[in-house]
Amino acid sequence: MSPFIPFIIATSIILLLALGVVVFVVMYQKRLMKHQEYLRQLQETRQRQLLEAALEAQEAERRRVARDLHDEVGTMLALVKLQAGQWSNGFGKGEIAEGQQPVTNLKLKLDEVMNSVRRITHDLMPIVLTKFGLVQAIESLKRSMPVDSNIGIKFECNEPDRRVGQKLELALYRIVQELLGNTLKHAQASEVYIKLTFNTYKLELVYTDNGKGFSSADLTENTTTTGLGLTNLQSRIALLNGTISINSELGAGISVVANVPLLTEF
Amino acid sequence: MEVYNIIQYLSIFSILPPLIYSLVLLWQRQAGRLTWQIFGFSVFIAVVEAAGWISSYKGLNNLWMSHVYIPLEYAILAYMYLCIFNNKIIKRLIIGSVVLFFLFCALDIVYLESLTIYNSYPRVIESVLMVLLSLLYFYKVFKDIDKADLLTDPYFLLSVGVIVNFAGSSVINSLFNVMLQYPAEIMLMCLAVLNFLNVLFNTTLVLVLRRAPRV
């Protein structure tokens, strides 16, 4: 046997071993990457489910509180008002001057309380949204803005009668509600512009105001207030597989553009 | 005989593609750190090959070059790996290995194999160290799991080239001086294997350059 053969055999074995190591590394690394991707997806799904559950619980609680307010507090207040009316009607002619005025004041106060309860109930459980859809609900929000806030709201929609999934409508309604609340509380704006555009595959919501705006530093400093609200918006949009861009500068108001796909069934 | 000569010439000139490619990248001002390193390595190898060719043409014993070439080659390749790792202990180990290897090479010249003999011991030690470095890189790949496709990672390709070349040549290098007793044809066969592995390694360098980060 040629002495060259053992060398060739030994070299071939070592080469094969080296190649084996390389193949093993490639395959194992691919498997690890796949596993890691699977874990990431699993975590993402879990986070999504948790967020969804939290939001659903929040909505359920809102519905329950709204129902209690409407059915119990509202009814009791109506009864009290009725009794006050009966009391007022029961006064004799001589007693009118003495007793009528406080009762009338009481009735006025009761009216105010009942209006507040109605407004809170409506904010908690927007009946208009479920019955007439997002466009009408935003119109209703627009009308419910306090007169003394001096904010002019302009709302446009390319398909006012169109309805989309209930979850999508509720999420977008809450987003508009949150943004309007922020404008009212912090922005000192005089004009708000809301635009809802239905396209074939997506729904675009544009919200702008001419308020005092904020810098990104404000957001990081006040994460418990405004920052958290905006995080909520981002979470809601993420749940709808959509995108949101929030732009603002000091003195330049805020501009929010949210895009949500319409193909997914919500 | 013809085949062996062809493989030998292929091996000698196989350093030109990575040298030219790295030069082009340098010319286009796209060269990142790895490209510079491969350029330096290619220039070094090209100079050694040219010197070896000229000296053998003139009939001079050029085995002393091998004694200088091996530690320097290890130093350059180890420096490439030194830049990959962030771990300070590993960096120190790599630097330590270069220093110890230089010392071993010096001892080999003085006590084991003189300058006129083929330096099989340093070559084997170099092979072992280079295989260890490439395995260390594979370990890093496992640990970090930050590369979606390993075949597009230049350092992985470099490690593949290193492990194939140095593991493949280790047996022949270790027994090179023993094999001198055998007929010349057997030596030529062994040299052909070494040359073929060298061609493979230089081809890998071109692939590494293709994937090397640009600036």
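Computed from a predicted structure; not experimentally measured.

Undergrad: Tell me about the packing of aromatic side chains, and name the residues and values.
TA: Each aromatic ring pair is described using two quantities: the centre-to-centre distance and the angle formed by the ring planes. Per the stated rule, a full pass over the model turns up 14 aromatic pairs over all chains. Ring geometry for A:Tyr28 versus B:Phe142: centroids 5.0 Å apart, planes at 85°, classification edge-to-face. Placement of the pair is A:Tyr28 in helix α1 (residues 4–90) and B:Phe142 in helix α6 (residues 120–144), with the two residues belonging to separate chains. According to the relative accessible area criterion, A:Tyr28 is partly exposed, its value standing at 39%. Plain terms: the ring middles of B:Tyr118 and B:Phe176 are 3.8 Å apart, the flat faces sit at 25° to each other, and that makes the pair stacked. With B:Tyr118 in the loop between α5 (88–112) and α6 and B:Phe176 in helix α8 (residues 176–179), this residue pair connects regions lying 58 residues apart in the sequence. On the basis of relative accessibility, which here comes to 10%, the residue B:Tyr118 falls in the buried class.

Undergrad: Would you mind going over the UniProt feature "transmembrane region" (unreviewed entry) in chain A in detail, with residue names and values included?
TA: UniProt feature "transmembrane region" (unreviewed entry): in the numbering of this structure it lies at residues 6–28 of chain A. Within residues 6–28 of chain A, the helical portion is 100% and the strand portion 0%, while the C-alpha atoms at the span's ends are 32 Å from each other.

Undergrad: Can you tell me about the nonpolar core, naming the residues and giving the values?
TA: The biggest cluster of nonpolar side chains holds 62 residues, and the ones touching the most others in it are B:Tyr74, B:Tyr81, B:Ile94, B:Met130, B:Tyr137 and B:Phe156. Elements represented by at least two residues in this core include exactly α1 of chain A together with α3 (33–57), α4 (63–84), α5, α6, α7 (154–174), α8 and α9 (184–211) of chain B. In terms of residues, this core owes the most to one element, α7(B), which gives twelve residues. Apart from the residues lying within four places of it in its own chain, the contact partners of B:Tyr137 are B:Tyr81, B:Ile84, B:Phe85, B:Lys147, B:Asp153, B:Tyr155, B:Phe156 and B:Ser159. Listed in part, the 37 residues of the second largest apolar core include A:Ile153, A:Val176, A:Leu196 and A:Leu230.

Undergrad: If you had to explain the sheet that holds strand β3 (residues 202–209) of chain A to someone new, which residues and values would you point to?
TA: Residue and element names in this part refer to chain A. Pairing is mixed across the open sheet formed by five strands, whose spatial order is β1-β2-β3-β5-β4. Two strands in the sheet have a free side with no partner beyond their single neighbour: β1 (152–157) and β4 (243–248). The sheet shows a mean angle of 10° between the axes of neighbouring strands, direction not considered. Both β4 and strand β5 (residues 254–261) contribute to a ladder of six bridges, which runs antiparallel. From the neighbouring strand, Thr-243 faces β5, where its bridge partner is Asn-259. Its contacts with the sheet place helix α4 (residues 134–143) against β1 and β2 (191–198), and it is angled at close to 170° to β1. Here helix α5 (residues 166–187) sits on the sheet and contacts β1, β2, β3 and β5; the angle it forms with β3, its principal contact strand, is near 10°.

Conventions we followed
- Residues numbered from 1 in each chain as written.
- Chains lettered and ligands numbered in written order.
- Predicted model: local features only at pLDDT ≥ 70, side-chain atom pairs only at ≥ 80, totals over all residues.
- Heavy atoms only, no water.
- Phe/Tyr/Trp six-rings, centres within 6.5 Å; stacked < 30°, edge-to-face > 60°.
- Helix = DSSP H or I, 4+ residues; strand = E, 2+ residues; numbered from the N terminus.
- Buried < 20%, exposed > 50% of the residue type's maximum accessible area, 1.4 Å probe, protein only.
- UniProt positions renumbered as here; feature names shortened; annotations may be inferred.
- Core = buried A, V, L, I, M, F, W, Y, C linked by side-chain atoms within 4.5 Å.
- Contact = heavy atoms within 4.5 Å.
- Pairing = 2+ DSSP bridges.
- Axes fitted to C-alpha atoms, helices over the stretch in contact; angles between N-to-C directions.

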